[in-house]
Amino acid sequence: QDLVSDPTQGFAATSNIKDAEISPKEHYIHLTVPGTAPGSLDDIELLFGDGGIVNLRCEARVSLPPPPFCVKKNCINGSMDQRTRLEQVAHVI
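Predicted, not measured: the structure shown is a model, and the values here were computed from it. (Residues numbered from 1 in each chain as written. Predicted model: local features only at pLDDT ≥ 70, side-chain atom pairs only at ≥ 80, totals over all residues. Heavy atoms only, no water.)

**Student:** Would you take a moment to explain the overall build of the protein for this structure?
**Tutor:** Helices and strands together make up the secondary structure of the protein, namely two helices and four strands. Taking as baseline every contact in the protein between residues at least 6 positions apart, the subset at least 24 positions apart corresponds to 26%. (Helix = DSSP H or I, 4+ residues; strand = E, 2+ residues; numbered from the N terminus. Contact = heavy atoms within 4.5 Å.)

And the structure:
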């Protein structure tokens, strides 16, 4: 099976998907995954554009204050958990 016919199949190895919604005509996939805050959820959106470009977005339903510094090289301020999640999704696609 491919990612379009069953999105959970491709992402199962990298993420604990709670829900997946596909809109093939809009070239859009919406995934719901566990969030950084205990018991929270994050939404990951993929929008497939022309020329093989894929736009990724991860939005927390419950926001936590950003850490005051980054411990990973080349990091900018923000949620490393969300960045890691997006890296995992990007690796799959």
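**Student:** Could you clarify how one ought to interpret the side chain of E45 in this entry?
**Tutor:** Relative to the helices and strands, E45 resides in strand β3 (residues 41–48). Polar side-chain contacts of E45 include one of 2.7 Å to the side chain of Y28. Once you skip the residues sitting within four places of it in the chain, E45 turns out to touch Y28, I29, H30, N55, L56 and R57. (Polar contact = N/O pair within 3.5 Å; in protein donor to acceptor, adjacent residues only side chain to side chain.)

**Student:** Can you help me understand the sheet that holds strand β1 (residues 19–23) in this one?
**Tutor:** By definition, the strands of a sheet pair up through backbone hydrogen bonds, in either a parallel or an antiparallel sense. Spatially, β1-β2-β3-β4 is the arrangement adopted by the four strands of the open sheet, whose pairing is antiparallel. Where the open sheet ends on each side, the last strands, each with one partner, are β1 and β4 (54–60). Strand-to-strand twist of the sheet, defined as the mean angle between neighbouring strand axes without regard to direction, takes the value 15 degrees. Two strands pair when backbone bridges link them, and strand β2 (residues 28–34) and β3 are joined in this way by seven bridges, in the antiparallel orientation. Bridge assignment links V33 to a residue of β3, and that residue is D42. Packed on one face of the sheet, helix α2 (residues 80–92) meets β2, β3 and β4 and runs near 150 degrees to β4. (Pairing = 2+ DSSP bridges. Axes fitted to C-alpha atoms, helices over the stretch in contact; angles between N-to-C directions.)

**Student:** What should I look at first to understand unusual backbone geometry in this one?
**Tutor:** We note that H27 has phi near 55 degrees; this positive angle belongs to a residue other than glycine. Tracing the chain through its elements places H27 in the loop between β1 and β2. Judged by its relative accessible area of 47%, H27 is partly exposed. (Buried < 20%, exposed > 50% of the residue type's maximum accessible area, 1.4 Å probe, protein only.)

**Student:** Can you walk me through the environment of D42 in this structure?
**Tutor:** Here D42 shows up in strand β3. For D42 and S63, which are 21 residues apart along the polypeptide, the C-alpha to C-alpha distance reads 9.6 Å. Those residues within four positions of D42 in sequence are excluded, and the remaining contacts are L31, T32, V33, P34, G35, T36, C58, E59, A60, R61, Q82 and R85. A polar contact of 3.4 Å, which involves the side chain of D42, links it to the side chain of Q82. Side-chain polar atoms of D42 contact the side chain of R85, separated by 2.5 Å.

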